[in-house]
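For reference, the chains in residue letters:
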Amino acid sequence: AGVGAEVGAEVGAEARYPPIFEEAPRCSESTLEAVLAAGPEALLTGGPLLLRNATAGWAANAWDDAAIAAAVGETLVEMMAMPTTTHPTLDAAADALVEPARCSVYVADFLKLTGEAAEAVPFEAYLAQLNLLRLPPLLRGVCLSTALPPSSLSIANLWVGGALMKNGLHFDLYDNLLYQLRGTKRALLFPPADAKHLYYGAATIRRHGFDLAAGGVTNETTFDKVRHNVAKLNVFADDVASTHPAVARASPSLCEVRRGDALFLPRGWHHAVISTSRGARRNLAVNLWYAASASGQGQGLSALADMFQQEGCGAGAEGGAAGGGGKEEL
């Protein structure tokens, strides 16, 4: 608790979790060099791990809005938009979780809409899970580490946000290496066994509409799907301990992922994330999903290793170079 309180004092109010979670122990830390020396099996069996200075040598460290726009600005992508910085939100009346609206936008236009010089808009927006295999000029700035077996790599994603975004509690079925390139992330983690304390179940998902002429995100929502990997509680609410008392029996930890860090998150771990960018309105991250602990799920993306950065990655990386670009739809 002491460590949590000390580190939490350095965090702005907008990026804090409720006290029940801020007082949680911080996650374990190591270095990429130590992880490479121990081998993938040690990483896969050791729980979440924060790796400091994990993007050394990455060309992606130099990415800013101008560089991204020059590389892929004319690429059409899907923007997520919502009326608040929290996603998803709870709709108690409909017994549902409300996800962001979806809207097609060119990358350059999104960057203008959410950048430092942008005028205020009545909604929050971000780009989620952009497939970097469809963005080869950017993928050439990413190093493919051997911290996990490259043969088990399944997906490479880019995440682009603004000054603040809060992603609710959920779990994924991949082993995850999340690399922070700009801004910071504060990841709240729970082990898989805590599921019984975290209010999971069949979650009805409703989705906001989007009408730019009417000001952006509409309050009317429509049914989208049913999901089973999203918790039906708001871990950002100050009264979460009283509205959902079972969380007091869970075993959370909190990871402070700063620029240049990577977070290894094993398959099945529950996590919520607050993304912030003090002094600038941009948060950038790359995550690589692996099927390393789930046999038979890998898609063999390591065969595309020559699309990743080749030179300057340092020890423990595979990579290459590739051409590409232009106007395409993701």
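No experiment lies behind these values; they were computed from the predicted model shown.

Colleague: How should the packing of aromatic side chains be read in this particular structure?
Modeller: The description of two aromatic rings rests on the distance between their centres and on the angle between their planes. Summed over the entire model, instances satisfying the criterion amount to 6 aromatic pairs. Ring geometry for tryptophan 58 and tyrosine 179: centres 4.6 Å apart, planes at 40 degrees, overall tilted. Of the two residues, tryptophan 58 is situated in the loop between strand E2 (49-52) and helix H5 (65-72) and tyrosine 179 in strand E12 (residues 175-182); the sequence distance between them amounts to 121 residues. For the pair tryptophan 58 and tyrosine 179, a shared accessibility class is recorded, and that class is buried. Measuring from centroid to centroid gives 5.3 Å for phenylalanine 123 and phenylalanine 210, while their planes differ by 85 degrees, and the two rings are edge-to-face. In this pair, phenylalanine 123 is assigned in the loop between helix H6 (107-114) and strand E8 (124-131) and phenylalanine 210 in strand E14 (residues 203-211), connecting sequence segments 87 residues apart. With a relative accessible area of 6%, phenylalanine 123 lands in the buried category.

Colleague: What exactly am I supposed to notice about the state of the cysteines here?
Modeller: Two cysteines, two sulfur atoms, one covalent bond between them: this is a disulfide. Overall, the coordinates contain 2 disulfides when judged by the stated rule. The disulfide partner of cysteine 27 is cysteine 255, and the gap between their sulfur atoms is 2.1 Å. Of this pair, cysteine 27 sits in the loop between helix H2 (19-22) and strand E1 (29-31) while cysteine 255 sits in strand E16 (residues 253-257), and the two are 228 residues apart along the sequence. Taken as a pair, cysteine 27 and cysteine 255 share a single burial class, namely buried. Each disulfide pairs two cysteine sulfurs, and for cysteine 143 the partner residue is cysteine 313, the sulfurs being separated by 2.1 Å. The disulfide joining cysteine 143 to cysteine 313 has a torsion of about -85 degrees about its S-S bond and is therefore left-handed.

Colleague: Even after reading the chapter, I still don't get the nonpolar core, so can you show me in this structure?
Modeller: Within soluble globular proteins, side chains that are nonpolar generally end up buried alongside one another. Ranked by internal contacts, the top residues of the largest apolar core, which has 51 residues, are Trp63, Met79, Leu132, Val286 and Leu288. Residues within four places of methionine 79 in sequence aside, it is in contact with Ala101, Arg102, Cys103, Val105, Phe110, Leu113, Phe123, Ala125, Tyr126, Leu127 and Phe210. By size, the runner-up hydrophobic cluster in this structure holds 19 residues, among which are Ala15, Leu169, Phe190 and Val235.

Colleague: Looking at this model, I keep getting lost on unusual backbone geometry. Mind explaining?
Modeller: The phi angle of most residues is negative, glycine excepted, and most peptide bonds adopt the trans form. Backbone torsion omega between histidine 87 and proline 88 reads -10 degrees, so that peptide bond is classified as cis. Mapped onto the fold, proline 88 is located in the loop between strand E4 (86-87) and strand E5 (89-91). The backbone phi angle of asparagine 53 is positive, close to 55 degrees, even though this residue is not glycine. Owing to a relative accessible area of 54%, asparagine 53 belongs among the exposed residues under this scheme. You will see that aspartate 95, though not glycine, has its phi angle at about 50 degrees, which is positive. Assignment of secondary structure puts aspartate 95 in the loop between E5 and strand E6 (96-99).

Colleague: Is there a simple way to think about the sheet that holds E14 in this case?
Modeller: By way of backbone hydrogen bonds, the strands of a sheet pair with one another, either parallel or antiparallel. If you walk across this open sheet you meet the 4 strands as E5-E6-E14-E15, and the pairing is mixed. For this open sheet the edge positions go to E5 and strand E15 (216-227), each flanked by a neighbour on one side alone. If you compare each strand with its neighbour and ignore which way they point, the axes differ by 35 degrees on average. The sheet contact formed by E6 and E14 spans 4 bridges and is parallel. Note that in E14 the partner of glutamate 99 across the bridge is arginine 207.

Colleague: I tried to follow the sheet that holds strand E19 (residues 283-290) on my own but got confused; where do I start?
Modeller: Sheet architecture is open: 9 strands sit in the order E1-E2-E17-E12-E19-E10-E8-E3-E7, paired in mixed fashion. In this open sheet, the two strands that pair with only one neighbour each are E1 and strand E7 (101-106). Shown here is a sheet whose adjacent strand axes are inclined to one another by a mean of 25 degrees, direction ignored. Here E8 runs beside strand E10 (residues 153-161); their pairing, made up of 3 bridges, is antiparallel. Residue pairing across strands places leucine 130 opposite leucine 158, the latter belonging to E10.

Colleague: Help me out: how do you make sense of the side chain of aspartate 175 in this one?
Modeller: Following the sequence through the fold, aspartate 175 ends up in strand E12. The buried charged residue aspartate 175 lacks any salt bridge, with arginine 267 as its nearest oppositely charged partner at 6.2 Å. In terms of polar contacts, aspartate 175 uses its side chain to reach the backbone amide nitrogen of arginine 267, at 3.0 Å. Residues contacting aspartate 175, with those up to four places away along its chain left out, are Leu44, Leu148, Phe264, Leu265, Pro266, Arg267, Leu288, Trp289, Tyr290, Ala291, Ala292 and Ser293.

About the criteria used
Residues numbered from 1 in each chain as written. Predicted model: local features only at pLDDT ≥ 70, side-chain atom pairs only at ≥ 80, totals over all residues. Heavy atoms only, no water. Phe/Tyr/Trp six-rings, centres within 6.5 Å; stacked < 30°, edge-to-face > 60°. Helix = DSSP H or I, 4+ residues; strand = E, 2+ residues; numbered from the N terminus. Buried < 20%, exposed > 50% of the residue type's maximum accessible area, 1.4 Å probe, protein only. Disulfide = S-S within 2.5 Å. Core = buried A, V, L, I, M, F, W, Y, C linked by side-chain atoms within 4.5 Å. Contact = heavy atoms within 4.5 Å. Pairing = 2+ DSSP bridges. Axes fitted to C-alpha atoms, helices over the stretch in contact; angles between N-to-C directions. Lys, Arg positive; Asp, Glu negative; His and termini not counted. Salt bridge = Lys/Arg side-chain N within 4 Å of Asp/Glu carboxyl O. Polar contact = N/O pair within 3.5 Å; in protein donor to acceptor, adjacent residues only side chain to side chain.

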